[in-house]
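# Residue-level structure breakdown
So the chains spell out like this:
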Amino acid sequence: MLLQDLRFALRSFLRAPRFTVPALVALALGIGATSAIFSIVRGVILKPLPYRDPERIVAIWEHRVDRNRPRNVIAPGNFVAWRERNKSFELLGMVTPSRQNIVLNGQPEEVAGFTASSDALAAFGTQPQLGRLYTPDEDLASAERVAVISHEFWQARLGGRSDVLGMQLTMNQRPRTVIGVMPPNFTIEGLPGGYLIPYGWTVEQLRNAQGRGSSHGIARLREGVSFEQAYSEMRTIMSQLEKEVPQRNTNWSITLVPIHEQTVDQIRPALYVLGGAVLLVLLIACVNVANLLLARSTVRQRELGLRTALGAARGRLLRQMLTESVLLSLAGGAAGLLLAVVFHRGLLTLVADRIPVPRLDQVALDMPVVLFTLTLSLLTGLVFGIVPAVFATGNANDVLREGGRHGSGPRARRALGTLVVAEVALSLVLLAGAGLLIRSFIALQNVDPGMRTEGVLTARVSLSGPRYDTDQKLGAFYTDVQSRIAAIPGVEHAAAVSFLPLAGLGIGTSFYRADKPEPEPGKLAGTAVKPVTPDFFKTMGIPQRTGRDFAASDTVDSPKVAIVSEALVRQQYPNEDPIGKRLAISIGRQPGPFNAEIVGVVGDIKMVTLDGTIDPAVYLPHTQLP
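Quantities reported herein were computed from a predicted structural model and do not represent experimental measurements.

About the criteria used
- Residues numbered from 1 in each chain as written.
- Predicted model: local features only at pLDDT ≥ 70, side-chain atom pairs only at ≥ 80, totals over all residues.
- Heavy atoms only, no water.
- Helix = DSSP H or I, 4+ residues; strand = E, 2+ residues; numbered from the N terminus.
- Buried < 20%, exposed > 50% of the residue type's maximum accessible area, 1.4 Å probe, protein only.
- Pairing = 2+ DSSP bridges.
- Salt bridge = Lys/Arg side-chain N within 4 Å of Asp/Glu carboxyl O.
- Lys, Arg positive; Asp, Glu negative; His and termini not counted.
- Polar contact = N/O pair within 3.5 Å; in protein donor to acceptor, adjacent residues only side chain to side chain.
- Contact = heavy atoms within 4.5 Å.
- Patch = residues over 30% accessible without salt bridge, like charges linked within 9 Å, V, L, I, M, F, W, Y side chains within 5 Å.
- Areas by Shrake-Rupley, 256 points an atom, 1.4 Å probe, with all protein chains shown as cover.
- Expected span 1.5 Å × (residues − 1).
- Arc of directions from axis to C-beta.

### A closer look at unusual backbone geometry
- Residue Asn172 is not a glycine yet carries a positive backbone phi of 50°.
- With respect to the element layout, Asn172 can be found in the loop between strand 7 (168-171) and strand 8 (174-181).
- A residue is classified by how much of its surface remains accessible, and Asn172, at 9% relative accessible area, is buried.
- The residue Gln173 is not glycine, and still its phi comes out positive at about 65°.

Set out below in structure tokens:
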């Protein structure tokens, strides 16, 4: 009977292309888009992390309570105290995203990777495919320089050479010995990197370091210790450190984040919103096809009435019509799977170089996605087929009682009206969401970032190693490069900055007015400081409100100077002229604050995001903060 129903359904669909083609197109679009999004959700969120017992791994950040910044980099001195005092962690290490200039085939190439302590690597519990991980002794500054490389770097950059272990790589102009190769698809918190290298520290360096670095912690919980217990203990330790070292820890607490949340929580809301929108499209497609089937059933009432008269039970007719709807949905699912391949490739191409989506290499149209598409197709066929089938088989008896007169009964008309209302309602919800997104996009387009972006090109250069080991060498390099770029025909201005606008706040710093007493610990104003070369403000179109720009005479040996933003003036110098006033500035690991004379005021710019707040900014000449 099933084969008979399938043959009949196939013939009926082929005889009615004006019904079949729109139904297949609607289903293919809905199922294809849903499958493509599911492949991304599965790869990014649902797939287990490639670590041993990932539920026992946590990321650790410091929390600046008074500024509501729960994920700040950690102070090296605090990290040493955590390791000495905690009882909750089996392993506790640090990790920092980094970039190294690696010489490959005689040419330097900037490669992204991670600086990670040996305990951080051990906390992930992933063993190398080849070789070994580095040890705590190799974390130290006195140890031989070593590196562990990723499987992808080994294959793509080194040709998968079999003698890779023991190979010397020149990284930032210093040789490192390759001692291991990680397994395929290994990432740290979803972000791939070409290499893993130790910090090269000493415990005393960490203990005595000033300010906060650029790292966060990675820890593995001991067996039997819960996340809540570890969080409580770490908060207690931070409270102790606030009393012991108030200059560094007043208004600071701790943030613990499970590793899965750390990996996906930034992208998860966007994927869920996108998934919800696609499900709405699928629901609209289902209701649309149900409308088509219900309308088609009114044409088939004479046929169904005749079958009933010949002895077909209602259950038999229901089975036949559900077979037709399931066959239609499976055909739509097959077409949708082909569309999913197109959508999948398009989405990956769209986001790969534009949005930092973690675990993007885990996204694939694999067998689970195919099974999901098959299941979705079957469920879709049952969902959109059941209502038309029930009303069509019920109307078959009405046709016999009414002597075969053609037309839809009142119940079918009510069902058709209900489906139309549902389709319009779902479409309105989708349209409203799309309208809000477009409105937000237009609003962002109209936000004044405070700078010019048209015709501005950027390039990243990272200098380190023995060739640039002094402030004078660093300053000379950027001065030379800036002048040579500015001489290129067609270039109006050229400049350099540490941390591009809209790419991060910059180097964290605290400051206070030098003409007033130093505030108590924890009450210092904070901001971002950006080292820049002369002409940076002209290059970016940032208006100079008063004072002067930096000049070649602002060298490492001359008095310290600074240019500040209008937001800082409003905060620190309301109704005052700031030119000639001095700021006491503390930066990162530099010992103690230094005074810098304010020589200029410039307009405000958006530092982090277009929809973010205006943060005060301090700019220093690159020669005085290389």
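### Describing the pairing of strand 3 (residues 89-104)
- Bridging between strand 3 and strand 10 (residues 216-221) involves 6 bridges; their strand directions are antiparallel. Bridge pairing in strand 10 places Leu91 opposite Arg220.
- Two elements, strand 3 and strand 4 (residues 107-116), share 10 bridges in a ladder whose sense is antiparallel. Bridge assignment links Val103 to a residue of strand 4, and that residue is Pro108.
- Between strand 3 and the antiparallel strand that follows it, strand 4, lie 2 residues; Asn105 among them carries a positive phi value of about 55°.

### A short note on the pattern of salt bridges
- In the structure shown here, the tally under the stated rule is 26 salt bridges.
- The partner of Arg99 in a salt bridge is Glu110, with the nearest N and O atoms 3.0 Å apart. Remark: Glu110 occurs in strand 4 and Arg99 occurs in strand 3; sequence separation between them is 11 residues.
- Judged by relative accessible area, which is 23%, Glu110 ranks as partly exposed.
- Between Glu566 and Arg545 there is a salt bridge whose closest N-O contact spans 3.3 Å. Note that Glu566 is positioned in helix 17 (residues 566-572) and Arg545 in strand 14 (residues 544-547), a separation of 21 residues in sequence.

### Topic: the side chain of Asp549
- Tracing the backbone through its elements, the reader meets Asp549 in the loop between strand 14 and strand 15 (561-565).
- One buried charge, Asp549, has no salt-bridge partner; the nearest side chain with opposite charge is Lys538, at 5.6 Å.
- There is a polar contact of 3.3 Å between the side chain of Asp549 and the backbone nitrogen of Asp535.
- The residues contacting Asp549, other than those within four sequence positions of it, are Pro534, Asp535, Phe537, Gln544 and Ile563.

### A few points about a nonpolar patch on the surface
- The grouping of Leu330, Met367, Val370, Leu371, Leu374 and Leu378 at the surface amounts to a nonpolar patch, some 490 Å² of accessible area in total.
- It is helix 13 (residues 367-401) that contributes the most residues to the nonpolar patch, 5 residues altogether.
- On the secondary structure map, Leu371 appears in helix 13.
- Leu371 sits in the partly exposed class, given a relative accessible area of 47%.

### Some details on the environment of Gln205
- Among the structural elements, Gln205 can be located in helix 6 (residues 203-208).
- Sequence separation between Gln205 and Tyr195 is 10 residues, and the spatial gap between their C-alpha atoms is 24 Å.

### Details of helix 1 (residues 2-15)
- Compared with an ideal rise of 1.5 Å per residue, which puts 14 residues at 20 Å, helix 1 spans 20 Å between its outermost C-alpha atoms and is within 8% of the ideal.
- The complete set of buried residues in helix 1 reads Asp5, Phe8, Ala9, Ser12 and Phe13. End-on view of helix 1: buried residues confined to an arc of 130°, all on one side of the axis. Exposed residues on helix 1 whose side chains face more than 90 degrees from its buried face are Leu3, Leu14 and Arg15.

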